[in-house]
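Here are the chains, one letter per residue:
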Amino acid sequence: MRKLIIVLAAIVSGCSSTSLVTNWKNPDIVIFDANKVLIVGMTANEEARVKFENRLQAEFEKRNVDSFKSIDLFDVEFTSSEKSEEELSEVEQQLLDKDFDAILFTKIIGSENRQNFKRRMSDMDRLFDTFNDDYLEYQPIYYEDEYYDQFTIYHAETSLYCICVGKERQLIWRGNIHIMDPVNIDKTVDDYIKLVVFALKEQELIFRKEHANETTSI
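Residues numbered from 1 in each chain as written. Predicted model: local features only at pLDDT ≥ 70, side-chain atom pairs only at ≥ 80, totals over all residues. Heavy atoms only, no water.

Looking at the overall build of the protein
Within the protein, the secondary structure is distributed over nine helices and six strands. Going through the 218 residues of the protein one by one, you find that 51% of them count as buried. Excluding contacts between residues fewer than 6 apart, the proportion of contacts in the protein whose partners are at least 24 apart in sequence is 76%. For the protein, the accessible area works out to roughly 10800 Å², and carbon and sulfur atoms hold 48% of it. (Helix = DSSP H or I, 4+ residues; strand = E, 2+ residues; numbered from the N terminus. Buried < 20%, exposed > 50% of the residue type's maximum accessible area, 1.4 Å probe, protein only. Contact = heavy atoms within 4.5 Å. Areas by Shrake-Rupley, 256 points an atom, 1.4 Å probe, with all protein chains shown as cover.)

Quick notes on the confidence of the model for the protein
Per-chain confidence: the protein averages 80 in pLDDT, with 78% of residues scoring 70 or above. Put simply, helix α1 (residues 2-12) is where the protein has its lowest mean pLDDT, 42, and strand β3 (residues 66-69) is where it has its highest, 95. In the model, residues 114-119 has pLDDT below 50 throughout and makes eight contacts with residues more than four positions away in sequence or in other chains. (pLDDT = per-residue confidence, 0-100.)

Describing the nonpolar core
Ranked by internal contacts, the top residues of the largest apolar core, which has 33 residues, are Phe32, Phe60, Leu160 and Ile206. Elements with a minimum of two residues in this core: β2 (36-42), α2 (46-62), β4 (102-111), β5 (153-162), β6 (171-180) and α9 (185-202). When residues of this core are assigned to their parent elements, the largest contribution, eight residues, is made by α9. Ignoring sequence-local partners within four residues, the contact set of Ile206 consists of Phe32, Asp33, Ala34, Val37, Phe60, Val65 and Leu160. (Core = buried A, V, L, I, M, F, W, Y, C linked by side-chain atoms within 4.5 Å.)

So, the pairing of β2
With seven of its seven residues buried, β2 lies for the most part within the structure. The alternating pattern of β2 places Lys36, Leu38, Val40 and Met42 on one face and Val37, Ile39 and Gly41 on the opposite face, and all of these are buried. With α2 bridging β2 and its parallel neighbour β3, the resulting β-α-β unit is right-handed. Bridge count between β2 and β4: six bridges; the pairing is parallel. Bridge pairing in β4 places Ile39 opposite Leu104. (Right-handed = clockwise from strand over helix to strand, strands pointing away. Pairing = 2+ DSSP bridges.)

Focus on unusual backbone geometry
Located in the positive-phi region is Glu204, a residue other than glycine, with phi close to 60 degrees. Relative to the helices and strands, Glu204 is located in the segment after α9. A positive phi angle is found at Ile206, which is not glycine, with a value near 65 degrees. With respect to the element layout, Ile206 can be found in the segment after α9.

A short note on the packing of aromatic side chains
Applying the stated criterion to the full structure yields seven aromatic pairs. With a centroid separation of 6.3 Å and 20 degrees between ring planes, the pair formed by Phe105 and Tyr135 is classed as stacked. Of the two residues, Phe105 is situated in strand β4 and Tyr135 in helix α7 (residues 131-138); the sequence distance between them amounts to 30 residues. Residue Phe105 is classed as buried on the basis of its relative accessible area of 0%. According to the relative accessible area criterion, Tyr135 is buried, its value standing at 0%. Above the face of the Phe100 ring, Lys36 is positioned so that its terminal group lies 4.7 Å from the ring centre. (Phe/Tyr/Trp six-rings, centres within 6.5 Å; stacked < 30°, edge-to-face > 60°. Lys NZ or Arg CZ within 6 Å of the ring centre and 35° of its normal.)

Quick look at helix α5 (residues 85-97)
The end-to-end C-alpha distance of α5, which contains 13 residues, comes to 18 Å, matching closely the 18 Å that a straight helix rising 1.5 Å per residue would cover. The complete set of buried residues in α5 reads Leu88, Val91, Glu92, Leu95 and Leu96. Relative to the axis of α5, the buried residues are bounded by an arc of 140 degrees and lie together on one face. More than 90 degrees from the buried face of α5, the exposed residues found are Glu86, Glu90 and Asp97. Positive backbone phi, at 70 degrees, marks Asp99, one or two positions downstream of α5. (Expected span 1.5 Å × (residues − 1). Arc of directions from axis to C-beta.)

Focus on a negative patch on the surface
Side chains of Glu85, Glu86, Glu87, Glu90, Asp129 and Asp133 sit close together on the surface and give a patch of like negative charge. A total of four residues in the negative patch trace back to one element, the largest contributor, which is α5. Considering the arrangement of structural elements, one finds Asp133 in helix α7. (Patch = residues over 30% accessible without salt bridge, like charges linked within 9 Å, V, L, I, M, F, W, Y side chains within 5 Å. Salt bridge = Lys/Arg side-chain N within 4 Å of Asp/Glu carboxyl O. Lys, Arg positive; Asp, Glu negative; His and termini not counted. Charge placed at Lys NZ, Arg CZ, Asp CG, Glu CD.)

Rendered as structure tokens:
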């Protein structure tokens, strides 16, 4: 893992708006394959959410993995109000019934310029065992107008959850990623997705390392 972080740091320095800070993989998992993945980009910025989920879905399509976007499954009413644990459990069961086996969940968890930065940063070391816990902790992102005030360096997190029957819907992988002074949404989204895809491939999670003709590396 240390080697991976060093390699990623070298790749993204200077030309990318993103950098991988921590990279945790469930020690009980060697290789994880998914046949149907839900992509969740949690942000109140609708433009960024659409761009992120669309472009990440394109990476799944390149590798013949079925994926669906939260913008297609979560309606406006769902994301505009607080949800209970029971409601999220119903959503998870619906996903299981529709043969989903993984959720790739991305959200902003804080920034260096917010007054609550220290509290949010202290949460970076917390591991959420289920999608429910993770979503419930950060769902105010959808509806709190002041959540993004004065952000200059965003601290984002992407987590991969297995929602397979019999596997306790466990956390498979988590990466904490810094986004440095984002100005251009398109470049920021592209940089972020390239970094996530690269990390997942290195960890043998859903994606596999590039073949000679791969064109998606950073």
